[in-house]
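# Geometric and topological summary
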Amino acid sequence: MAIDKFDILESSCVPLPIENIDTDQIIPARFLKATSREGFGDNLFRDWRYDNQNQPIQGFVINNPVYKGKILVAGKNFGSGSSREHAAWAIHDYGFKVVISSFFADIFKNNSLNNGILPVQVSETFLSDLFKAINANPKTLVKVGLPSQEVSIPSIGLSEKFEINPYKKECLLNGFDDIDFLLGMKDKITEYEQNRPT
């Protein structure tokens, strides 16, 4: 499965300043029966978005039309809990391309990268400033540049570098999953096999 290419994204954000959001909150276990990746976005944060009568909960940020965009900004320790890949599927299917937090669970981070979502880990100070900027103006734009590994808030002149595994960076830039990457190396693999000592 090829993934969407990622280069530079500039978007407004959806702020979710809650710490320790686990994968069961991202996509509750009762929705894990499907094997296709499509449709999971409908149930992203399901128990926070809807009440027992399946009515939207007005106080939840995703139900607030003021906040839109392809960037989810979350509190510290995002994606903890079980290793379900469906959490990344739900975030991607909903339309988010980037998640910004001051800390990610390792398995969630890897699942995100494997599914075309860029997890951007920033300092707690930068995250706090970002939440303040969004609260002051919900239309605040954030620019995420993968080639430069930099996230910035142009309106207030703040920027910060972020880390990413070089292999995963190359995959995202080219829209490759692991199999695509290996297929792209086919000629080099063949050449190596033909020339290696026996």
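Up top is the structure these notes are about.
So, a few notes on the structure that sits alongside this text. Within each chain, residue numbers correspond to sequence positions counted from 1 in written order. The model is predicted, so local features are restricted to residues of pLDDT at least 70 and side-chain atom pairs to those at 80 or more, both for listing and for counting; the totals for chains, interfaces and linings are taken over all residues. Processing note: side-chain calculations cover all non-hydrogen atoms of the structure and skip hydrogens and water entirely.

## Thoughts on the overall build of the protein chain
Only DSSP runs of H or I covering at least 4 residues are called helices, and only runs of E covering at least 2 are called strands; the numbering of each starts at the N terminus. The secondary structure content of the protein chain amounts to eight helices and eight strands. For the protein chain, buried positions account for 43% of its 198 residues. Note on areas: these come from Shrake-Rupley sampling with a 1.4 Å probe, and a residue is covered only by the protein chains present in the view. Entry remark: accessible area of the protein chain is about 10,700 Å², with carbon and sulfur atoms responsible for 50%. Throughout, exposure labels follow a simple rule: accessible area from a 1.4 Å probe, protein chains only, divided by the maximum for the residue type, with under 20% read as buried, over 50% as exposed, and the rest as partly exposed.

## With respect to the pairing of strand β8 (residues 158-161)
With four bridges connecting them, strand β7 (residues 150-153) and β8 associate as antiparallel partners. Across the sheet, residue Ile-153 finds its bridge partner in β8, namely Leu-158. Where β7 hands over to β8, the hairpin turn is made up of four residues, of which Gly-157 adopts a positive phi near 70°. Two strands are said to pair when DSSP picks up at least two bridges between them.

## A look at the sheet that holds strand β4 (residues 98-101)
Reading across the sheet, the four strands line up as β2-β3-β4-β5 and stay open at both edges, with parallel pairing between neighbours. Of all strands in the sheet, those bounded by a partner on one side alone are β2 (13-16) and β5 (118-121). Each neighbouring strand pair of the sheet contributes to a mean axis angle of 20°, computed without reference to strand direction. When strand β3 (residues 71-74) meets β4, the two strands line up parallel, connected through three bridges. To get an axis, fit a line to the C-alpha atoms, keeping to the stretch in contact for a helix; angles then go from 0 to 180 degrees between the N-to-C directions.

## Some details on the packing of aromatic side chains
Only the six-membered ring of Trp is used, alongside the rings of Phe and Tyr, when aromatic pairs are assigned; centres must lie within 6.5 Å, and planes under 30 degrees apart are stacked while those over 60 apart are edge-to-face, with the rest tilted. All told, the structure shown has eight aromatic pairs when counted by the stated rule. On the basis of an interplanar angle of 65° and a centroid distance of 5.9 Å, the ring pair of Phe-45 and Phe-60 is categorised as edge-to-face. With Phe-45 in the loop between α1 (23-26) and α2 (46-49) and Phe-60 in the loop between α2 and β3, the pair connects residues that are 15 residues apart, well separated along the chain. In this pair, the class of Phe-45 matches that of Phe-60, namely buried. Site record: aromatic cluster; members linked through ring pairs are Phe-45, Trp-48 and Phe-60. Positioned above the aromatic ring of Tyr-50, the side-chain terminus of Arg-46 is 4.3 Å from the ring centre. Working rule: Lys NZ or Arg CZ, within 6 Å of ring centre, within 35 degrees of ring normal, means a charge sits over the ring.

## Some thoughts on the sheet that holds strand β6 (residues 142-145)
As summarised here, the arrangement of the four strands in space is β1-β6-β7-β8, forming an open sheet in which the pairing is antiparallel. The outermost strands of the open sheet, each flanked by one partner alone, are β1 (8-11) and β8. Here the average twist between neighbouring strands, direction ignored, is 10°. In this analysis, two residues are considered to be in contact whenever any of their non-hydrogen atoms come within 4.5 Å of each other. Contacts between helix α5 (residues 124-136) and the sheet are confined to β6, β7 and β8, with β7 contributing the most and set at about 35° to the helix.

## Looking at the pattern of salt bridges
One side chain can pair with another of opposite charge once the charged atoms of both are near each other. Whenever a carboxyl oxygen of Asp or Glu lies within 4 Å of a side-chain nitrogen of Lys or Arg, that contact is scored as a salt bridge. For the structure shown, the criterion picks out four salt bridges. Its salt-bridge partner being Asp-4, residue Lys-97 comes within 2.9 Å of it at the nearest N-O pair. Of this pair, Lys-97 sits in the loop between α3 (86-94) and β4 while Asp-4 sits in the segment before β1; the two residues are 93 residues apart in sequence, bridging distant segments of the chain. For Lys-97, a relative accessible area of 22% gives the class partly exposed. The exposure class of Asp-4 is partly exposed, given its relative accessible area of 40%. For Asp-24, the salt bridge goes to Arg-84, with nearest N and O atoms at 3.0 Å. In this pair, Asp-24 sits in helix α1 while Arg-84 sits in the loop between β3 and α3, placing the two residues 60 residues apart along the sequence. Look at Arg-84 and you get buried, because its relative accessible area is 16%.

## Here we look at the packing of α3 against helix α4 (residues 106-114)
Closest axis-to-axis distance for the α3/α4 pair is 8 Å, and the angle between their directions is 50°. With respect to α4, the element α3 is oriented oblique. Once α3 is placed against α4, the crossing between them reads as right-handed. In this structure, α3 uses Ala-87, Ala-88 and Ile-91 to contact α4, whose residues at the interface are Phe-108, Asn-111 and Ser-112. Classifying every residue of the contact of α3 with α4 by side-chain character gives four nonpolar, two polar and no charged. By the definition adopted for this analysis, an angle is roughly parallel if under 35 degrees, roughly antiparallel if over 145, roughly perpendicular if from 65 to 115, and oblique otherwise. Crossing handedness is read from the near helix: turned anticlockwise from the far helix by less than a right angle, it gives a left-handed crossing, and turned clockwise, a right-handed one. Under the scheme applied here, ten amino acids are nonpolar (Ala, Val, Leu, Ile, Met, Phe, Trp, Tyr, Cys and Pro), four are charged (Asp, Glu, Lys and Arg), and all others, including Gly, are polar.

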